[in-house]
Amino acid sequence: MDEILITLIPLFVAWTLDLIFGDPAGLPHLIVYFGKAIAFLEHRLNSGIHRKFKGGVVALGLVGGVYGATWWLLNSLSAYIWIKMAVETLLIFYCLAGTTLIREVMMVFTALDRSIDDGRRQVSRIVGRDTANLSAEEIRTAALETLAENLSDGVVAPLFWFAVLGVPGMVAYKMVNTLDSMIGYRNRRYKDFGCVAARMDDVANYIPARLTSLLMVIAAGRPGLMGFVRCFGRQHASPNSGYPEAALAGILGCRFGGPHDYFGETVDKPFIGTISRELTTDDMLTAVRVNRIAEFMAVMLAALCRCLVM
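To keep things clear, this report deals only with the structure shown in the data block. Because the structure is a prediction, the values reported are computed rather than measured.

## Notes on the overall build of the protein chain
Okay, step 1: Looking only at helices and strands, one finds 11 helices and 2 strands in the protein chain.
Okay, step 2: Overall, the protein chain shows an N-to-C arrangement of helices and strands of α-α-α-α-α-α-α-α-α-α-β-β-α.
Okay, step 3: The C-alpha radius of gyration of the protein chain comes to 19 Å, within 12% of the 19 Å expected for a compact globule of 310 residues.
Okay, step 4: Taken along the three principal axes of its C-alpha coordinates, the protein chain extends 60 × 50 × 40 Å.
Okay, step 5: Among the 310 residues that make up the protein chain, the fraction classed as buried is 50%.
Okay, step 6: Total accessible area on the protein chain stands at roughly 14,600 Å², and carbon and sulfur atoms take up 63% of it.

## A few points about a nonpolar patch on the surface
Okay, step 1: A cluster of nonpolar side chains, namely Ile4, Leu301, Leu304, Leu308, Val309 and Met310, defines an oily patch on the protein surface of about 540 Å² accessible area.
Okay, step 2: With 4 residues, helix α11 (residues 281-309) is the largest single contributor of residues to the nonpolar patch.
Okay, step 3: Mapping Val309 onto the fold places it in helix α11.

## With respect to helix α10 (residues 242-252)
Okay, step 1: Counting buried positions along α10 yields 11 of 11 residues, so the element is predominantly enclosed.
Okay, step 2: Those residues of α10 that fall on the buried side of the exposure criterion are Gly242, Tyr243, Pro244, Glu245, Ala246, Ala247, Leu248, Ala249, Gly250, Ile251 and Leu252.
Okay, step 3: Directly beyond the C-terminal end of α10, a positive phi value near 65° is found at Gly253.

## Side note on the state of the cysteines
Okay, step 1: In the structure shown here, the tally under the stated rule is 0 disulfides.
Okay, step 2: Cys307 forms no disulfide, and the closest cysteine sulfur to it belongs to Cys305, at a distance of 9.2 Å.
Okay, step 3: With a relative accessible area of 23%, Cys307 lands in the partly exposed category.

## Describing the pattern of salt bridges
Okay, step 1: Enumeration according to the criterion identifies 9 salt bridges in this entry.
Okay, step 2: Measuring nitrogen to oxygen at the nearest pair gives 3.4 Å for the salt bridge that ties Arg120 to Asp117. With Arg120 and Asp117 both in helix α6 (residues 116-123) and 3 residues apart, the pair spans about one turn of that helix.
Okay, step 3: The class of Asp117 is partly exposed, set by a relative accessible area of 41%.
Okay, step 4: Ionic pairing is found between Asp118 and Arg121, a salt bridge with its closest N-O pair at 2.3 Å. On the criterion of helical spacing, the pair formed by Asp118 and Arg121 is a turn pair, its members being 3 residues apart in helix α6.
Okay, step 5: On the accessibility criterion, Arg121 (52% relative accessible area) is exposed.
Okay, step 6: Through salt bridges that share partners, Arg114, Asp118 and Arg121 make up one connected network.

## Thoughts on unusual backbone geometry
Okay, step 1: Residue His50 is not a glycine yet carries a positive backbone phi of 55°.
Okay, step 2: Position of His50 relative to the elements: it lies in the loop between α2 (30-45) and α3 (51-76).

## A word on the packing of aromatic side chains
Okay, step 1: One pass over the full model with this rule turns up 5 aromatic pairs.
Okay, step 2: Ring geometry for Phe228 against Phe232: centres 4.7 Å apart, planes inclined by 40°, an arrangement best described as tilted. Within this pair, Phe228 and its partner Phe232 are both found in helix α9 (residues 226-233), separated by 4 residues, close to a single helical turn.
Okay, step 3: Judged by its relative accessible area of 23%, Phe228 is partly exposed.
Okay, step 4: Here the guanidinium or amino end of Arg210 rests over the ring plane of Tyr206, the centre of that ring lying 3.6 Å away.
Okay, step 5: Between the NZ or CZ atom of Arg255 and the centre of the ring of Phe271, over which it lies, the distance is 3.8 Å.

Cut-offs used in this document
For every chain, the first residue of the written sequence is number 1, and numbering continues from 1 along that sequence. Only residues with pLDDT of 70 or above have their local features reported here, since the model is predicted, and side-chain atom pairs are shown and tallied only from 80 upward, although totals for entire chains, interfaces and linings are computed over all residues. Heavy atoms from the whole structure form the basis of all side-chain values; hydrogens and water molecules are not counted. Numbering of helices and strands runs from the N terminus, with a helix taken as a DSSP run of H or I at least four residues long and a strand as a DSSP run of E at least two residues long. For a compact globule the rule gives 2.2 Å times the number of residues to the power 0.38, and the radius of gyration it is set against comes from C-alpha atoms. Burial classes: relative accessible area under 20% of the type maximum marks a residue as buried, over 50% as exposed, and values in between as partly exposed (1.4 Å probe, protein chains only). Working definition of accessibility: Shrake-Rupley area with a 1.4 Å probe, residue cover restricted to the visible protein chains. Like-charged residues are merged into a patch within 9 Å and nonpolar side chains (Val, Leu, Ile, Met, Phe, Trp, Tyr) within 5 Å, provided each residue has over 30% relative accessible area and no salt bridge. Whenever a carboxyl oxygen of Asp or Glu lies within 4 Å of a side-chain nitrogen of Lys or Arg, that contact is scored as a salt bridge. Put simply, a disulfide is two cysteine sulfurs that come within 2.5 Å. Two rings belonging to Phe, Tyr or Trp (six-membered ring only in the last case) form a pair when the distance between their centres is within 6.5 Å. Interplanar angles under 30 degrees mark stacking, angles over 60 mark edge-to-face geometry, and anything in between is tilted. Only when the NZ of Lys or the CZ of Arg is both within 6 Å of the ring centre and within 35 degrees of the ring normal is a charge said to sit over the ring.

In structure tokens:
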């Protein structure tokens, strides 16, 4: 079989499966096992002295380990091409996380239509901030901010690393992202142990975050918003998250950011955008449409780049 087809068939099949099913509830998931490995090591090593060194060893070891294991597995299956393609399809499917987050965001808006308590419970499934006292507007804002960030972290960045390093690079990126989501916080518990993990995530997402914002404004038919994105994207505390958020804020003509509570502490985040207005279900539908078009472009771009580097 042609080498290009061997590369692209798993990508397109996996993407189609994600579009149809999202993350199937109740089935074993690769990222769940990543999380268990991280939690196991963190509980045993995040104490005493040299926490930054130990955290760095854990982060580098896990990322290098999953890259090497994935490369070895796929290389060992080279003689069994259909089995290899099936395994690649499964791994890519696990690494893409576009559909599930879109569904969750839509459910946030539906839950909020029932009651603010339902909205708070629903949004707590997809955000890290404290949600117990969020207003209706803060719930909608949190959901759409997360949707923008997830397009980068859950779709464009995995596809970027697939284009650069193949399936092993895609899987390694998901370990980087999982490490950051679990231990990459600047609080007392994780600021030392998770320092290297957080920096790895910053580096891994640097290009994808900016690429995501570009794809979003093109998807919305408003490439002129890139000046707005450059202005507000760099104001975010994260070197990356501000860019897709700024793109969506510009597209919707709204404002993101502001103070949020994390683990009982208030964090003042810079505002992204200048227009403070009430977000609506129509805004959510626009965000989902832009998300889907940008995702399609990212898949096509990854496929093209992968063919060029082969």
